[in-house]
Amino acid sequence: MSWIQTHLVVDKSRAPLIELLFENLGALSITLGDAGDEPMLEPGPGETPLWSATRVTGLFSGDTDTDQLRSRINQALDRETGRHLQLEVLEDRDWERAWLERFRPMRFGERLWICPTGHRVEQADAVIVDLDPGLAFGTSTHPTTALCLGWLDGADLDEKTVIDFGCGSGILAIAALKLGAAQAIGIDHDPQAILASRENAGRNSVADRLTLQLDTELDAPPAPLVIANILANVLIDLQTVISSLVAPRGGNWYSRASCRTRRTR
């Protein structure tokens, strides 16, 4: 089965109108994305900010008459806006496998590897974290995650307890455990992250040494090492909470993360 995608880049003030137009024309889903390389930090509660140049993408059934669809869209737009309209046929495929195909084993530091399912690492002394991309943030491809992994590879973790604040997929906590940490505590505000961390810990045979908590139920004792690989504004807002988790003479590793946001109907 195939699909029809429409793309139109407009000023953010016009994006809601284009979204409504696509919806009225029968779009199955509508996505708003960044069209001008404008990073956007996590919005505050109730906020739905858009990029200055916003790409509005509509997904239509494959049996849609493309000529008629183009004509109806152009009839609703001025000539200048309409000439930027793009339509494409999107062939159906195994999207889960297509996503995974982009990932290959990656090394961080001297011996730590993140290895997707179905791949092998030949390094004799490799410490391998088996991890596939999922819904929760953290697959090692983000620069700040890579920085944290590289730092963990060279850190003295033997018999230490590590707190991963904003654990996402659990990648940092699991890496710390496989590098020698005795215990790890993963904390996140998203229940999906807790589920992903638990599943990934089981896959890596460290579930018995990983404790997971929602930040609304925070009950973690101070630890010698606290890692927080989350957005800068969240780090600033939670600096008192995070610092309170560091044991006397302990340390913390902050890694500022930024991301682009997307809204899907």
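Residues numbered from 1 in each chain as written. Predicted model: local features only at pLDDT ≥ 70, side-chain atom pairs only at ≥ 80, totals over all residues. Heavy atoms only, no water.

K.L.:
Describe the overall build of the chain, and please don't skip the residues or the numbers.
P.N.:
The number of helices and strands found in the chain is nine helices and 13 strands. Of all 265 residues assigned to the chain, the portion counted as buried reaches 42%. By sequence separation, contacts in the chain at least 24 residues apart represent 67% of the contacts at least 6 residues apart. Accessible surface, the chain as shown: approximately 14400 Å² in total, 49% of it carbon and sulfur. (Helix = DSSP H or I, 4+ residues; strand = E, 2+ residues; numbered from the N terminus. Buried < 20%, exposed > 50% of the residue type's maximum accessible area, 1.4 Å probe, protein only. Contact = heavy atoms within 4.5 Å. Areas by Shrake-Rupley, 256 points an atom, 1.4 Å probe, with all protein chains shown as cover.)

K.L.:
Before we move on, can you summarise unusual backbone geometry with the specific residues and values?
P.N.:
Its identity is not glycine, yet Glu-159 carries a phi of approximately 65 degrees, on the positive side. Examined against the element boundaries, Glu-159 turns out to sit in the loop between helix H5 (143–154) and strand S8 (161–165). Residue Glu-159 is classed as exposed on the basis of its relative accessible area of 65%. Positive phi is not limited to glycine here, since Ser-205 has a value of about 60 degrees. Mapped onto the fold, Ser-205 is located in the loop between helix H7 (191–203) and strand S10 (210–214). For Ser-205, a relative accessible area of 63% corresponds to the exposed category.

K.L.:
Can you tell me about the packing of H5 against helix H6 (residues 171–178), naming the residues and giving the values?
P.N.:
The geometry of H5 relative to H6 is characterised by a closest axis approach of 10 Å and an angle of 15 degrees between their N-to-C directions. Viewed along their axes, H5 and H6 adopt a mutual orientation that is roughly parallel. In this structure, H5 crosses over H6, and the sense of that crossing is right-handed. Residues Thr-145, Cys-148, Leu-149 and Leu-152 of H5 touch H6, and the partners they reach there are Ile-171, Leu-172, Ala-175 and Ala-176. A class-by-class count of the residues in the contact of H5 with H6 yields seven nonpolar, one polar and no charged. (Axes fitted to C-alpha atoms, helices over the stretch in contact; angles between N-to-C directions. Parallel < 35°, antiparallel > 145°, perpendicular 65-115°, else oblique. Left-handed = near helix turned anticlockwise from the far one by under 90°. Nonpolar A, V, L, I, M, F, W, Y, C, P; charged D, E, K, R; others polar.)

K.L.:
Describe the environment of Leu-147, and please don't skip the residues or the numbers.
P.N.:
In this fold, Leu-147 is placed in helix H5. For the pair Leu-147 and Asn-229, spaced 82 residues apart in the sequence, the C-alpha separation amounts to 9.5 Å.

K.L.:
So what about the sheet that holds strand S7 (residues 127–130)? Which residues, and what values?
P.N.:
Here we have three strands laid out as an open sheet, ordered S5-S6-S7, and mixed in their pairing. Here the strands that pair on one side only, and so sit at the sheet edges, are strand S5 (106–108) and S7. Neighbour-to-neighbour, the strand axes of this sheet turn through a mean angle of 25 degrees, independent of strand direction. In this structure, S5 lies alongside strand S6 (residues 112–115), joined through three bridges in antiparallel fashion. Each residue of the ladder has a partner; that of Arg-107, found in S6, is Trp-113. (Pairing = 2+ DSSP bridges.)

K.L.:
Go over H5, please, and point to the residues and values.
P.N.:
The end-to-end C-alpha separation of H5 is 17 Å, in line with the 16 Å expected for twelve residues at 1.5 Å each. Inspection of H5 places Thr-144, Thr-145, Cys-148, Leu-149, Leu-152 and Asp-153 among the buried residues, and these make up the whole buried set. (Expected span 1.5 Å × (residues − 1).)

K.L.:
Explain the side chain of Asp-34 residue by residue, including any values.
P.N.:
By secondary structure assignment, the location of Asp-34 is in strand S2 (residues 29–34). Within the local environment of Asp-34, its side chain forms a polar contact with the backbone nitrogen of Gly-36, the two atoms lying 2.9 Å apart. (Polar contact = N/O pair within 3.5 Å; in protein donor to acceptor, adjacent residues only side chain to side chain.)

K.L.:
Tell me about the pairing of S2, and name the residues and values.
P.N.:
Summarising burial for S2: six of the six residues are buried, a large majority. In the sheet, S2 pairs with strand S3 (residues 53–61) via six bridges, with the strands oriented antiparallel. When the sheet's bridge partners are listed, Gly-33 is paired in S3 with Arg-55.

K.L.:
Talk me through the environment of Leu-218; I want residue IDs and the actual numbers.
P.N.:
By secondary structure assignment, the location of Leu-218 is in the loop between S10 and strand S11 (223–228). For Leu-218 and Val-241, which are 23 residues apart along the polypeptide, the C-alpha to C-alpha distance reads 9.9 Å. Apart from the residues lying within four places of it in its own chain, the contact partners of Leu-218 are Ile-187, Gln-213 and Val-241.

K.L.:
Talk me through the confidence of the model for the chain; I want residue IDs and the actual numbers.
P.N.:
Averaged over all residues, the pLDDT of the chain is 85; the fraction at 70 or higher stands at 84%. Predicted confidence for residues 254–265 stays below pLDDT 50, and this span has 48 contacts to residues more than four positions away or in other chains. (pLDDT = per-residue confidence, 0-100.)

K.L.:
Before we move on, can you summarise the side chain of Thr-81 with the specific residues and values?
P.N.:
By the element assignment, Thr-81 lies in helix H3 (residues 79–82). The class of Thr-81 is buried, set by a relative accessible area of 9%. Looking at Thr-81, its side chain comes within polar contact range of the side chain of Arg-14, at 2.8 Å.

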